[in-house]
Every structure is written in C-alpha cells, then in structure tokens.
Amino acid sequence: MKSLERLTLAHLWVAFAAFTVACFFGVWQMWARSPLPAPFATPDHYFLSVTAHGVSMAFVLTTFFIMGFGYFTAETALERPLPGKAWAWLGFILALAGTLMATAAILSGRASVLYTFYPPLTGSPIFYLGLVLVVAGSWVWCVLMIVAMTQWKRANPGAPVPLAMYATVANAVMWLWTTAGVTAEILFIILPASMGWVDTVDVGLTRTLFSWTLHPIVYFWLFPAYIAFYTMAPQAAGGRLYSDTLGRLSFVLLLLYSLPVGMHHLFMDPEQSTGFKFVQMMLTILVSVPTLLTVFTIAASMEIAGRLRGGRGLFGWIPALPWERPMMLATGLSFVMLFFGGGGGLVNMGYGLNALIHNTSWVTAHFHLIFGGAVVIMYFAIAYEIWPRLTGREVVSTGAQRIQLWLWFVGMMVMSLPWHWLGLQGQWRRVAQFDYSNPIIAAWGPWVIVSLVGGVLLLASALLFIWNLASFRRRPFGAMAPFRFAVAVHPPTRVPAALNGFGLWNVLVLFLMVAAYGWPIAQFFVLGAPQAVVHRVDRGG
Amino acid sequence: MAAPARSTDENLTETDVDTVMEQVPKGALALAGTAVLLLLIGWFFVYFVIFIPRGSVG
Amino acid sequence: MAASEEDILRSELRWSMVVGAAVTLIFAAILYAGLVLHVNPPSNIETIDPKTLHLSAEFTESNLGTKVEAGGQVTTRIVATQFAFDPQCVVVPSNEPVTLRLTSPDVIHGILVTGTNVNTMVIPGYVSQVHTVFTKTGDLLMPCHEFCGFGHSQMWATVRVVPRESFRPDADGRAACEKS
C-alpha cells in the first residue's frame, strides 16, 4: 500500500502548497484595496496577484486535491490496488509541469489576465499551455477512476459500487464533460491569438465556451465535500448514513444539472438571447435540488448518531453529537456556510435578480463562502481524516485541528459577510485601488477593513493547517486498521443499474447540452460574429 | 484512529439503530425545514426590499 | 418497529416535495419579476464592428451622450474604452423611460449604476442596450465593473439624474452634464 500513500501525498502537498501561497496573495490584495497603505500596491502587482491567487485556488488546489483523494478512495473503497499507477504518476507530472509553467508566466507578469482569462486580453502562451497540461493530467485521473470502477464491477458482478467510488467516478465523468468548453476555448481561440497566428478573436464565442466550464467546475470542486458528507461524516458521528440510494441520486442529479447551466454567468451579456438565458435559469433551479436533498439526508444521518448518544427531542440530538471530532465539527461549520453561500447563489441565479449583484462584491462573497468556506473546510477535514493512513502515524490529540477549523470558519464569515453588503451598495470587482475621497466609496472603507481582518484570520488558519499536517511527523507510528467508510441504515445488496453506472446519464447529459448550448454556440458560426482585436498584456497592451 | 469515545460506536447493534429510527427523521425535518424556511425568508427579503424597488430594466 | 428502506425512501420523497414547493415559489417570483414587473437581463443581440466604431453613424464622437430622438425617446450612448467612458458624465431625466446603448472598440468592459438595477456587460462586437426608468435624482456612480486591464480601477462615469422638469435638451435634442 506504500505506493498509493506516496501518490496521494504528492498530490495533496502540491495542492496545499499552492493553497498556502495563494492565501498570502489574498490577504495582500485585501490590504491593497483597503484605505490602509499597503506595500507594492500598484495595478500591475495587484492584477498579477489576483491571477496568481485565482489560478492557485481554482485550478491547482482543487485539481490536485481531487486527484489525490480520488486515488485514495479508489483503493480504499474498492479494496483493491489502484490500476495503472504508472499512468497516475504520469498524470501527476504533466499537471505539475503545467502548474510550474503557468506559475512562471504569472510571476513574470506576462499573464495578468485573471483565472477567468478575458479575451481579447491575451497573455503569454506559456500560461495557457501550462493550464492545458494541468487539464491533461486530470484527464489521466478521470480515465483511471473509470477503469478502476469498471474492473471492480467485472470482478463483482451485480454488486453495488461503494458509494464513495460511485460519487468519485460521477465527478470524473462530469469533469470530462466540463473541460470540453475551456479546452476548446484555449486550443482553438486563445492559443492561436497568444502565439500571434491571428490578431482578432470572437469574444462572444470565447465567453460562451468558457461559461460551459465555469459552472460545472465549481461542482467538480464540491464533490469531495459531498463525498465526505455521505461517506465519512456519518462514520465520524458514530451513526449511519440515512439513505445510500439518495446519495447516489444526488450525485447523479449534480452530474446532470451542473453542466447545462453555465449561461447564468452570462445573464448580463449581450451576445446571448433571453430565451436561452431563461432555459438555463430553469435548469439552474434544478441543480439546487440535490443540495437541498443532501441537507436533509445528512441531517437525518446526524440525527441517528445524536440519538444513539442519548440526544432527545426535536433538536436535542444536535448538542449530543461528537463535536470534538474534526470531521464532525467541519461538517457542521460547512453546513452553516453552505446556508449563506447557497442563499447568495439563489439570488445570483435569479435571472433579473442577477442585475442587482453582477460583478459586485456580492459575487466575491458568494464564491468565497461556498467554495473557500463550505467546500475547503471539508478538504481540511478529509486531510485530517486520511492523514494517519497516509503517513502511518497515530493521531494523539485533535485540539489544534479544531482550533484551525474554527479559525477558518470565523475568518470566512468575517471576511465575506461584509462583502454582501458592499456589493449591494455597488462596490464593483477587480479594483486595485479605490478612490476613498469619493463620499460614496468612503462609506465602504470601514467594512473593507473588517473584511481584511477576516482574511488575516484565514491566513493564520491556513498556516495552522500546514503545521497540523507537518506535526504528524512527530507522532508515533500506529497500527493501521482498514479505512472505514460510513455504513447505511440498510446497506444495499443490489441497486438499479442506473444508479450503479453512467451510461444512461451520459446520454441525458448529451441531450441537455445540445438543448442548452447547441444554438448558443452554433449561432457564432452560422450568423457570423464581429471580431475584436487581440490586446497583449504580456507586451504592455 | 481518533478520540476515545469511538469504543461506543463499535458496540452499535441493530436494535440500537432500530430504536433510534423510530424518531428519525423528525429532527432532520425540523432542522432542514427551518433552514429552508429561513432561506426563503432571506431570499424574498432581498427580492421585495432591495431588488424590486430598484426599478425595471430590460 | 424497525424503519424499512421503503419508510426511509418515503420520507425522502416527502422531503423532496417540500424542496419542490420551495424552488417553485422562487421560480414563480422570478417569472413575475420578468413578465409583470419588466425586470429582465438585457438581451438585445445587436452586432457592430469594433474596429470602425468611430466611423459608424451611431457611435461617432458627436453623437455620444444623451439625445431625445424624434419620437421623444431619451437615448444615451456611451463608448467604453481602455480606460475611460466617453462621455464621462451623462445627464438623464427622472421618471422618464431612458435607453442606454453602450459598446466598446477594444476589450470587455461592464457597467452598473449604483442604487439601480442597471447592469450590463459591454463586449467588443456588440451593442448593449438597457431600457430603464430612473426614479432617484442625484449623481449616481457608473463604474466599469469588469476587468479590462491595468487601468480598470480608475474607470468610471457619472450618471446625473435631474428632475424631469429641469431636463432641458437643446435644439438638437441633446443634453450634457455641463448645461442641465
């Protein structure tokens, strides 16, 4: 089993290293935007920092964590060695090489185009090629996840695929669909512009292709958190998973409805029509359903655990839960942040309501709270949960882990709640320096500083997280018991083929994508579209 | 793996779970239901108090 | 009595009906806002060549800003460039339908007007159009809200909403900030 540990640890350390560096950039950014004087505060430094922070958090932390956790799950949930380990290492090297390339381009100031790239703003080709390599490495992971599950099913005909693996493969399938948009955008439009082969780009088509990726990618990030909710939290709480079937159904619904909804990022765009914006809004409402189902199923699972520990009454089971366990604590804190972040998201998707908050700090608040908060806190909890396995060391006390999790929660709330308010006041995004002499903007100053304090707490939490992981080195080696995932109240002996595979769902996804994105993309080719001139940011453009 | 309280989990019997399942999911319904209700109140607050008064656009 | 898998699934079904009711309520509210209250995302698809904007009939320098058209419609035309709006101040009447039309010859920009639902992206190759009615008078902030390059932070304009009675366009139907 040693080689799996090395593979997983390699991925997780890259993820957490990028994460820690990104936290420093994030705090500096908030300082630079605040009324307080900050060092190096120039626009080119600011946008370099935003690009570095965004790429690290959105592409590196996430992809490497998901890959590493996926490899771990494949071996432990399926109880057989991961197939194709050499390929897995190749995927890791590709992704790492790509990360280093993109980092070099960003730090040299030749790729300050933000993690969402804003063609016709164009940076160095090294940046885009680097990101393509990261995606290529992740595709290796996707294939290996599918192969692992397929081989297991052949060796165990008719048996239900363990939920943790079924969900992991759902994520892999979803990622393959997801990356089609941004890969096409980079390979066919941005790279040719970046290499100087063309000097105009179709901005409408580029934005539409990017939107294809932009929504499902956040569900790609979210899957590990939900996998932990369903397959680790009930175990940590000392109870049972309320319904294995609902788990499968929720992951399938996330696969189906996170893909054809990217246009809700384009509500304010003039290149798409009311009709398709409306259709994708309706589909976005549907993607909220699996989350609302999950909230109930996990609450019921926790209720089982709480009542087993003697909790009585309608809510008495809540304090009875073993909150001293990090996985339990993280789950509770995650749900609180999910409430606020999800609520904000329901405003964002509200079609006309989007005009209220588009490109304001409300959006920044939303995704920091839901991703940085609800999802990443579960990444911490998963790391704490599997680190003993990965390192072979015992956990002696979890006090420092709990402090770190609380610090993350408080920091995230203090940082992001004021941003909601500021967004409604009209505070807009991606600003290196505000003119605080303007009375409207001056009123925002105190809240910007409150937000900054939240960010500092987050940085402290991030450093404590790394310290907690590193301190496993000083622990004694422990006898390893097999890693146990949560057990359902009624563990399934058979599940319908539809909830044990993805054939049917892939067909439905294809249908949904053609319906939701077919014409919105085709229109640029059929009707022709005006081209905009490429602006090179790596040449002072 | 973790804190000492783990040992009680090892002694879980089906009878324990069955007894508890007579109450579940009342508590979950209460918690999730309250959460969804608060969510709707918050959403409609933004809708009626902030969004609508800011005027029509199209 | 033990809870069977059927009992569990039945409770999940009951919960999904609660979820269904909640999202239907939200959907109904969105529909109402769109159809009855006329709050919709601006989605007028209209293309224009960004390379020859200054030569176009509509977005030449002399035609920018607020103009009352022949039929009485108040139209405000603004060009967004790196890193300023042209004009940097526009004047509009309150309680009167106003149409904003924006475009860009270079990169992606975007605007919002503080305190209102006016919000749109400005994409080179397209004309963004927003119909609205301003109710509050005063100077409103109209920043560029989308990253457009290093000068993005300094890019904003003013929307001066004057009471209907004080809105006095000249003989050509034009109104600008210095005058009104």
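Owing to the predicted nature of the structure, the values given are computational and were not obtained by experimental measurement.

A. Main features of the overall build of chain C. The helix and strand inventory of chain C stands at one helix and 11 strands. Put simply, chain C runs from its N terminus to its C terminus through helices and strands in the order α-β-β-β-β-β-β-β-β-β-β-β. Rg of the C-alpha trace for chain C: 22 Å, well past the compact-globule value of 16 Å for 180 residues, more than 25% over. Across its three principal axes, chain C shows a C-alpha extent of roughly 85 × 40 × 30 Å. Among the 180 residues that make up chain C, the fraction classed as buried is 56%.

B. Layout of the environment of Arg207 of chain A. Here Arg207 of chain A lies in helix H6 (residues 203-214). Taking relative accessible area as the criterion, Arg207 of chain A reaches 11% and is therefore assigned buried. Placed 98 residues apart in sequence, Arg207 of chain A and Gly109 of chain A show a C-alpha to C-alpha distance of 23 Å. Discounting residues that sit within four places of it in the chain, Arg207 of chain A has contacts with Tyr118, Leu266, Asp269 and Glu271 of chain A together with Ile108, Met121 and Ile123 of chain C.

C. The arrangement of the domain arrangement of chain C in detail. As assigned here, chain C comprises domain 1 (1-40) and domain 2 (50-175). Taking only C-alpha atoms, the centre of domain 1 of chain C and the centre of domain 2 of chain C are 41 Å apart.

D. Quick look at the environment of Ala164 of chain A. Residue and element names in this part refer to chain A. Mapped onto the elements of the fold, Ala164 is located in helix H5 (residues 163-194). Its relative accessible area of 3% is what places Ala164 among the buried residues. Put simply, Ala164 and Ser34 are 130 residues apart on the chain and 43 Å apart in space, counted from C-alpha to C-alpha. Once you skip the residues sitting within four places of it in the chain, Ala164 turns out to touch Thr73, Ala77, Ile227, Thr231 and Phe485.

E. Representation of helix H10 (residues 274-308) of chain A within the structure. All names here are of chain A. Look at H10: 52 Å from first C-alpha to last across 35 residues, which is about the 51 Å you get at 1.5 Å a residue. Most of H10 is tucked away, with 28 of its 35 residues classed as buried. With its phi angle positive at about 105 degrees, Gly310 sits one or two positions after the end of H10.

F. Seen up close, the nonpolar core. Phe16, Tyr71, Phe117 and Phe127 of chain A together with Trp43 of chain B are the most contacted members of the largest nonpolar core, which has 273 residues in total. Residue contributions to this core peak at 21 residues, all from helix H2 (residues 43-78) of chain A. Viewed by domain, this core spans two of them, domain 1 (1-40) and domain 2 (50-175) of chain C, each represented by three or more residues. Excluding its chain neighbours within four sequence positions, the residues that come into contact with Phe127 of chain A are Thr51, Val55, Ala102, Ala105, Ile106, Ala111, Val113, Leu114 and Phe117 of chain A. Ile48, Leu53, Val79 and Val127 of chain C belong to the second-largest nonpolar core, a separate cluster that totals six residues.

G. Just the interface of chain B and chain A, in detail. Listed by partner, the interface residues are 33 residues for chain B and 35 residues for chain A. Note on chain B versus chain A: buried area summed over both sides is about 3,200 Å², and carbon and sulfur give 73% of it. Scanning the region where chain B abuts chain A turns up zero salt bridges. The interface formed by chain B and chain A includes four residue pairs in polar contact (both at pLDDT 80 or more). When residues of the side of chain B that touches chain A are traced back to their parent elements, those giving at least two are helix H1 (6-10), helix H2 (14-21) and helix H3 (26-51) of chain B. With 17 residues, the single largest contributor to the side of chain B that touches chain A is H3 of chain B. Among the residues forming the side of chain B that touches chain A, the class breakdown is 22 nonpolar, four polar and seven charged.

H. A look at the packing of aromatic side chains. Applying the stated criterion across every chain yields a total of 52 aromatic pairs over all chains. Relative to Trp408 of chain A, the ring of Phe19 of chain A has its centre 5.6 Å away and its plane inclined at 55 degrees; by these criteria the two rings are tilted. Note that Phe19 of chain A is positioned in helix H1 (residues 2-33) and Trp408 of chain A in helix H14 (residues 399-425), a separation of 389 residues in sequence. Judged by its relative accessible area of 1%, Phe19 of chain A falls in the buried class. Ring geometry for Phe44 of chain B and Tyr47 of chain B: centres 6.0 Å apart, planes at 70 degrees, overall edge-to-face.

What counts and how
- Residues numbered from 1 in each chain as written.
- Chains lettered and ligands numbered in written order.
- Predicted model: local features only at pLDDT ≥ 70, side-chain atom pairs only at ≥ 80, totals over all residues.
- Heavy atoms only, no water.
- Helix = DSSP H or I, 4+ residues; strand = E, 2+ residues; numbered from the N terminus.
- Rg over C-alpha atoms; globule rule 2.2 N^0.38 Å.
- Buried < 20%, exposed > 50% of the residue type's maximum accessible area, 1.4 Å probe, protein only.
- Contact = heavy atoms within 4.5 Å.
- Domains from an automatic or database assignment.
- Expected span 1.5 Å × (residues − 1).
- Core = buried A, V, L, I, M, F, W, Y, C linked by side-chain atoms within 4.5 Å.
- Buried area = accessible area lost by both parts, 1.4 Å probe.
- Salt bridge = Lys/Arg side-chain N within 4 Å of Asp/Glu carboxyl O.
- Polar contact = N/O pair within 3.5 Å; in protein donor to acceptor, adjacent residues only side chain to side chain.
- Nonpolar A, V, L, I, M, F, W, Y, C, P; charged D, E, K, R; others polar.
- Phe/Tyr/Trp six-rings, centres within 6.5 Å; stacked < 30°, edge-to-face > 60°.

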